[in-house]
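# Working through the structure, step by step
What follows is each chain in one-letter form.
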Amino acid sequence: MSGPATVVRGSGEFFAFCLDTLRGLGRRPVQLREFVQQAWFISSVSILPAALVSIPFGAVIALQLGSLVRQLGAQSFTGAASVLAVVREAGPIVTALIIAGAGGSAICADLGARKIREELDAMQVLGIDPIHRLVVPRVLASMLVAVLLNGLVSVVGVTGGYAFNVVLQGGTPGAYVASFQALGQLPDLLVGEVKALLFGATAALVACYKGMTARGGPKGVGDAVNQSVVITFMLLFALNFVVTAGYFQVVPQKGS
């Protein structure tokens with residue numbers, strides 16, 4: 001089969017997989033134990049890397065924007081530009097990359113190993129829906145952890161940006177905070193959380209789909225993990241553009 005046809009067929013199968021997962025969200029019984037275990041696992045492998053990555057992210061944003069606004073003669077808006085960049089863009093992106101790279105790859109490897117051991121086929125023979133039993137709790141756990149992790153990344157990133165701006169660039173703490181209060185608004189925080197929620201769901205769905213469709217033995221599982229991470233990154237950046245464009249169209253910005 002040709003390449004384009006394979007891509008189209010794979011896209012259709014993934015869309016059908018997402019619909020099956022959406023239908024499984026309302027089914028009973030709720031897999032609470034699996035949900036708690038997956039949430040704990042994803043958070044345990046994601047918290048430390050996310051916190052460590054968010055510090056240089058916030059610092060780089062503060063340094064770059066601080067240099068730019070100083071050239072433009074708008075030093076008083078350094079705080080607003082840095083905080084909004086972290087909260088609206090950098091925080092959800094860092095969260096998504098960590099969730100996809102750490103948690104998503106582990107989810108894909110786990111389900112892929114179950115697939116090649118024919119555990120998923122055995123569950124279907126026993127009348128157990130693998131999507132309801134395995135996929136739904138993983139997707140919900142990824143969404144929850146992504147939302148909570150985004151808050152941590154935003155706090156650490158903003159703190160790092162504040163410290164670098166005040167210490168290295170000679171910024172004024174009062175002006176940093178006042179500029180954010182002048183231009184920042186609650187929807188800026190909400191859109192960051194919405195992005196994290198969507199990114200977490202996307203990462204988990206791609207990882208689960210690639211894991212449950214893996215074939216070819218251990219090598220196939222490794223290929224599925226690599227593909228899931230790459231596909232997730234591509235979808236995340238496309239989804240981020242769509243959400244950001246819609247946000248600027250719907251929510252009026254302060255100071256504009």
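Residues numbered from 1 in each chain as written. Predicted model: local features only at pLDDT ≥ 70, side-chain atom pairs only at ≥ 80, totals over all residues. Heavy atoms only, no water.

Per an unreviewed UniProt entry, the protein goes by Phospholipid/cholesterol/gamma-HCH transport system permease protein and derives from Micromonospora narathiwatensis.

In the structure shown here, the tally under the stated rule is nine salt bridges. Across the salt bridge formed by Arg23 and Asp20, the nearest N and O atoms sit 2.2 Å from each other. Residue Arg23 and its partner Asp20 are both found in helix α1 (residues 3-24); the two are separated by three residues, about one turn of the helix. Judged by its relative accessible area of 29%, Asp20 falls in the partly exposed class. Here Lys115 and Asp121 are joined by a salt bridge, their closest N and O atoms 4.0 Å apart. Judged by relative accessible area, which is 33%, Asp121 ranks as partly exposed. (Salt bridge = Lys/Arg side-chain N within 4 Å of Asp/Glu carboxyl O. Helix = DSSP H or I, 4+ residues; strand = E, 2+ residues; numbered from the N terminus. Buried < 20%, exposed > 50% of the residue type's maximum accessible area, 1.4 Å probe, protein only.)

As for its position among the elements, Thr213 is in the loop between α7 (186-212) and α8 (217-250). From its side chain, Thr213 meets the backbone oxygen of Lys210 in a polar contact 3.5 Å long. (Polar contact = N/O pair within 3.5 Å; in protein donor to acceptor, adjacent residues only side chain to side chain.)

Okay, the confidence of the model for the protein next. Averaged over all residues, the pLDDT of the protein is 82; the fraction at 70 or higher stands at 88%. Per-residue pLDDT, averaged within each element of the protein, yields its smallest value for helix α6 (residues 173-183) (68) and its largest for α7 (88). (pLDDT = per-residue confidence, 0-100.)

With that out of the way, let us pick up a nonpolar patch on the surface. A cluster of nonpolar residues, Phe15, Leu19, Leu22, Leu25 and Leu140, forms a patch on the protein surface that exposes about 450 Å² of accessible area. The greatest single-element share of the nonpolar patch, amounting to three residues, is contributed by α1. Its location among the elements puts Leu25 in the loop between α1 and α2 (32-72). Note on Leu25: relative accessible area 39%, which makes it partly exposed. (Patch = residues over 30% accessible without salt bridge, like charges linked within 9 Å, V, L, I, M, F, W, Y side chains within 5 Å. Areas by Shrake-Rupley, 256 points an atom, 1.4 Å probe, with all protein chains shown as cover.)

Our next topic: the packing of aromatic side chains. Under the definition given, this model contains three aromatic pairs. Joined through ring pairs, the aromatic side chains of Phe14, Phe17 and Tyr209 make up one cluster. (Phe/Tyr/Trp six-rings, centres within 6.5 Å; stacked < 30°, edge-to-face > 60°.)

Here the focus is the nonpolar core. Residues Phe17, Ile99, Val135 and Val139 are the most contacted members of the largest nonpolar core, which totals 36 residues. Setting aside its immediate chain neighbours within four residues, Val135 contacts Phe17, Thr21, Pro130, Cys208 and Met212. (Core = buried A, V, L, I, M, F, W, Y, C linked by side-chain atoms within 4.5 Å. Contact = heavy atoms within 4.5 Å.)

This brings us to the packing of helix α5 (residues 130-168) against α7. Each packed pair of helices is defined by two parameters, the angle between the axes and the distance between the axes. Taken N-terminus to C-terminus, the directions of α5 and α7 make an angle of 145°; their axes are 8 Å apart at the nearest point. Like other packed secondary-structure pairs, α5 and α7 cross with a definite hand, here right-handed. Facing α5, whose interface residues are Pro130, Val135, Arg138, Val139, Ser142, Met143, Ala146, Val147, Asn150 and Gly151, α7 presents Gly192, Glu193, Ala196, Leu197, Gly200, Ala201, Ala204, Leu205, Cys208 and Met212. Residues that form the contact of α5 with α7 fall into these classes: 13 nonpolar, five polar and two charged. (Axes fitted to C-alpha atoms, helices over the stretch in contact; angles between N-to-C directions. Left-handed = near helix turned anticlockwise from the far one by under 90°. Nonpolar A, V, L, I, M, F, W, Y, C, P; charged D, E, K, R; others polar.)

With 27 residues, α7 should reach 39 Å at 1.5 Å per residue; the first-to-last C-alpha distance of 39 Å fits that figure. Along α7, 19 of the 27 residues are buried, which leaves the element largely enclosed by surrounding structure. (Expected span 1.5 Å × (residues − 1).)

Contact pair α7 / α8: the axes reach a minimum separation of 9 Å and the direction vectors enclose 155°. One element, α7, and the other, α8, form an angle in the roughly antiparallel class. Taken as a pair, α7 and α8 cross one another with a handedness that is right-handed. Along the contact surface, α7 presents Pro187, Asp188, Val191, Lys195, Leu198, Phe199, Thr202, Ala203, Val206, Ala207 and Lys210, while α8 presents Ala224, Gln227, Ser228, Ile231, Thr232, Leu235, Leu236, Leu239, Asn240, Val243, Thr244 and Tyr247. Looking at the contact of α7 with α8 residue by residue, the class counts come to 14 nonpolar, six polar and three charged. (Parallel < 35°, antiparallel > 145°, perpendicular 65-115°, else oblique.)

For α8, which comprises 34 residues, the first-to-last C-alpha distance of 48 Å matches the rise-based estimate of 50 Å (1.5 Å per residue) to within 8%. Every buried residue of α8 is accounted for by Gly220, Val221, Ala224, Val225, Ser228, Val229, Thr232, Leu236, Asn240, Val243, Thr244 and Tyr247.

What follows concerns the UniProt feature "transmembrane region" (unreviewed entry) in the protein. The feature "transmembrane region" (unreviewed entry), as given by UniProt, occupies residues 39-61, 93-113, 139-164, 189-209 and 229-250 in the numbering adopted here. For the annotated span residues 93-113, helix accounts for 100% and strand for 0% of the residues, and the straight-line distance between the end C-alpha atoms is 29 Å. End C-alpha atoms of residues 189-209 are separated by 30 Å, and the span's content is 100% helix alongside 0% strand. (UniProt positions renumbered as here; feature names shortened; annotations may be inferred.)

Looking at the element boundaries, Thr172 is found in the loop between α5 and α6. Distance from Thr172 to Tyr162, taken between C-alpha atoms, is 9.7 Å for residues ten residues apart in sequence.

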